[in-house]
Amino acid sequence: MSLQGPETAKLFDRAMGAMVNGVSSGWRYWGRDDTIVLARGEGSHVYDADGKRYIDYHMGFGPVILGHGDPHVTEAVARAAAEGITFAFTQEREVVAAEKIKEAVPWIERLRFTNTGTEATMHAARLARGFSGRDVLVKFEGQYHGAHDYVMYSAPGMDTEMMGSPYRPIPIPMSSGMPGVINDLIITLPYNDLEAVRRTFRNDGHRIAAILVEPMMGNSMGIMPKEGFLQGLRSVCDEYGTVLIFDEVKTGFRIATGGAAEVFGVVPDVATFAKALGNGVPVAAIAGRGEVLEGWAKGGITQAGTYSGNAISAAAATATVEQLLTGEPMARLQKIGTALMDGVRGIMAEAGVAGAVMGHPSMFGIYFGDEPPTDLRGTATHNEDLYEATMMGMIRRGVLPSPDAHEPWFLSAAHDEDDVAQTLQAFGDSLDEALG
Ligand SMILES: Cc1ncc(COP(=O)(O)O)c(C=O)c1O
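So, here's what we can say about the structure. Model, not experiment: these values are computed from the prediction. (Residues numbered from 1 in each chain as written. Predicted model: local features only at pLDDT ≥ 70, side-chain atom pairs only at ≥ 80, totals over all residues. Heavy atoms only, no water.)

Listed as buried for helix H5 (residues 194-204) are Leu194, Ala196, Val197, Thr200, Phe201 and Asp204. Down the axis of H5, the smallest arc covering the buried residues is 155°, so these residues share one side. Exposed positions of H5 whose direction lies more than 90 degrees from the buried face are Arg202 and Asn203. On its buried side, H5 packs onto strand E5 (136-140), strand E6 (186-189), strand E7 (208-213) and helix H6 (229-240). (Buried < 20%, exposed > 50% of the residue type's maximum accessible area, 1.4 Å probe, protein only. Helix = DSSP H or I, 4+ residues; strand = E, 2+ residues; numbered from the N terminus. Arc of directions from axis to C-beta. Contact = heavy atoms within 4.5 Å.)

In structure tokens, the structure reads:
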């Protein structure tokens, strides 16, 4: 049965005629009959062209932290748009937004704005390379840092059998078109394996510019860091003069107002923020502390962008962070997300499905299997067929998580108790149906 009603199918026909596969990002194409085309969103809900309502757990893959169409953000953006958006000069709204971010994330000394998570990690990597005079990046299997060539290796959902031994993993490029000559500039390692990190640094530490890490696995089932893992990365970086970059594109302004540094108590040298910073409006920041930022201050390391710090992005960031700083959105997320995680666990137990609900109440993943994973390789034991069948059942019932278990469920402060009750009902019914 197609996910598209008649009006949605018509709109998708038009989309196919004008855009390649009818989408602007490859992951959105779910096939001819099942690609979802939306007309609008409101709070925790989105609506397709036939008026079908979904309870949304995509939330744009993480950005929408306050809810779709949040009135404060909408008003701030409209006002900014009316007064001119792009000047390519420092502007007042940008200064206010930068100060707000510093207030919310107190370890940040200074930052620069950019527009997307991809640009943020690209600039952070260049800054680390320019500062350290080294070329190699360490990243972890199953983590995603955006769509630029330097980081698209051994990404979530890729076949782990190709990745070689966990003692010396083979970095697997995610796409044709990535130049093979840059393969030597990346070392991929299993997440949560501090011994592998230490061993790598004993051999290659003098070549490693940065460790780039999502503090929790925001692109692989919400796997959390083991006790001491992030602290261990911090001390290895200190020992070898390597820059520690937290990629907080998903966790920033989501798992806490102060992001992963607040939750896990480890402070990086540089962090990249995007997504929840603007509640869905494109805005990103590369933030840091200490002497690393001197790379930009003194010149010689390029960071640029026509739209960086534009008025709409800055206004959205200020309005979003201001609301987060009240503490209310995070308190709601914690309460609603915990109820949903506990409810899913209960239904799985009742149905006799082994597994785990992993992550944080604002973004969590569900694993079906006997051994909850601590890294990407461990996700190979996940019962993907059962999970996908369950999620597709939910989508037909008007609840919209990703059918791919690697992508967490994202909540917003607009989700409420009714959403949780309807979601749990749909989860239970869909799981029963999938189990046959
Ligand atoms: C952790 C992380 N970093 C970077 C990115 C890239 O962000 P963008 O899609 O805004 O370029 C993503 C996107 O999902 C991400 O999850």
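Here we take up the packing of helix H2 (residues 71-82) against helix H9 (residues 311-325). Where H2 meets H9, the closest approach of the two axes is 8 Å, and the angle between their N-to-C directions is 155°. Between H2 and H9, the angle is such that the two are roughly antiparallel. At the point where H2 passes H9, the crossing takes the right-handed sense. Every residue of H9 that contacts H2 at His72, Val73, Ala76, Val77, Ala80 and Ala81 is listed here: Ala311, Ile312, Ala315, Ala316, Ala319, Thr320 and Gln323. Classifying every residue of the contact of H2 with H9 gives 10 nonpolar, three polar and no charged. (Axes fitted to C-alpha atoms, helices over the stretch in contact; angles between N-to-C directions. Parallel < 35°, antiparallel > 145°, perpendicular 65-115°, else oblique. Left-handed = near helix turned anticlockwise from the far one by under 90°. Nonpolar A, V, L, I, M, F, W, Y, C, P; charged D, E, K, R; others polar.)

Turning to the pairing of E5, a few remarks are in order. Among the five residues of E5, five are classified as buried, and the element is accordingly described as predominantly covered. Going residue by residue along E5, you find Val136, Val138 and Phe140 tucked away on one face and Leu137 and Lys139 tucked away on the opposite face as well. Examined bridge by bridge, E5 and E7 share three bridges and lie parallel to one another. Within the sheet, the bridge partner assigned to leucine 137 lies in E7 and is alanine 210. Direction of pairing for E5 relative to E6: parallel, over a ladder of four bridges. Bridged to lysine 139 within E6 is threonine 188. (Pairing = 2+ DSSP bridges.)

Read from one edge to the other, the open sheet built from four strands follows the order E1-E2-E3-E13, with strand pairing classed as mixed. Of all the strands in the sheet, the pair left with one neighbour each is strand E1 (38-42) and strand E13 (399-400).

Going through the model one piece at a time under the given rule, you end up with 19 salt bridges. Where lysine 100 meets glutamate 103, a salt bridge forms, and the shortest distance between an N and an O atom there is 3.3 Å. With lysine 100 and glutamate 103 both in helix H3 (residues 92-104) and three residues apart, the pair spans about one turn of that helix. Overall, the relative accessible area of 17% leaves lysine 100 in the buried class. Linking lysine 335 and glutamate 417 is a salt bridge whose minimum nitrogen-to-oxygen distance equals 3.0 Å. One end of the pair, lysine 335, is in helix H10 (residues 328-351); the other, glutamate 417, is in helix H12 (residues 417-435), and 82 residues separate them in sequence. Its relative accessible area of 53% is what places lysine 335 among the exposed residues. (Salt bridge = Lys/Arg side-chain N within 4 Å of Asp/Glu carboxyl O.)

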